[in-house]
Amino acid sequence: MRDLKKDLKIGKREEIKTLIILNSADTMFGKLEEDEDQFANFDFVSEDKKYHIEHKYRPDIDLKTCRYDSLYFDRVKYKRFLELKKEDPEKRCFIIWNCSGERVCWEFKKYGWENEDGEIEMYFSKQFNQDRGNGYPQDTDMCNVFMEALHPIEEFF
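Residues numbered from 1 in each chain as written. Predicted model: local features only at pLDDT ≥ 70, side-chain atom pairs only at ≥ 80, totals over all residues. Heavy atoms only, no water.

So, unusual backbone geometry
Rule in force here: A run of H or I in DSSP becomes a helix once it reaches four residues, and a run of E becomes a strand once it reaches two; helices and strands are each numbered from the N terminus.
Backbone geometry at Lys49 places phi at a positive 65°, although glycine is not the residue there. Assignment of secondary structure puts Lys49 in the loop between strand 2 (44-46) and strand 3 (51-57). In this model, Ser100 sits at a positive phi of 50°, which is unusual for a non-glycine residue.

Structure, rendered in structure tokens:
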């Protein structure tokens, strides 16, 4: 059975490692801070509040040998992205996945699931009967980002 407290502790440690990496390099994001709300949809926010970044730790996924066509995240984060864009069209949101030490990134698109060239980058799905940290199984709407749409975080340095 899953040990939720242990998973959260490890996830937080990996979040901090990624934040240190991002803040130690000259990135387009500038200086990032952890969001004050531990339940926020995005873990990091830039000082100027223009960039919002979610971090996902997936130690069981090796991107070189992965059998999946995509990585996923909760659809509520996509809905929050749409709210942020409505507040300020200049805001940009990203997800960074740390998969077995290799960090890849995807930027939320203002075009929905397509990029500027009309290529499909993500699709919606549903996870059934997953314990999402509440101690009971529930169904969750998800967004799946195709592997081909992911970029190494070094591209943002």
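Regarding the nonpolar core
The line we're drawing: In this text, buried Ala, Val, Leu, Ile, Met, Phe, Trp, Tyr and Cys residues form a nonpolar core when linked through side-chain atoms within 4.5 Å. Three exposure classes are used, based on accessible area relative to the maximum for each residue type with a 1.4 Å probe and protein chains only: buried under 20%, partly exposed in between, and exposed over 50%. The contact definition used throughout considers only heavy atoms, calling two residues in contact when any of these lie within 4.5 Å.
Formed by 20 residues in total, the largest nonpolar core has its most connected members in Leu71, Phe73, Trp97, Trp106, Phe108, Val145 and Leu150. Listed by contribution, the elements that provide at least two residues to this core are strand 4 (70-74), helix 2 (75-87), strand 5 (92-99), strand 6 (102-107) and strand 8 (137-146). It is strand 5 that contributes the most residues to this core, 4 residues altogether. Beyond its immediate stretch of four places on either side in the chain, Leu71 contacts Ile61, Leu63, Trp97, Cys99, Val104, Cys143, Asn144, Val145, Met147 and Leu150. Of all hydrophobic cores here, the second largest spans 12 residues; its members include Leu32, Tyr51, Phe94 and Cys105.

None of the figures reported here should be taken as evidence of function without further support.
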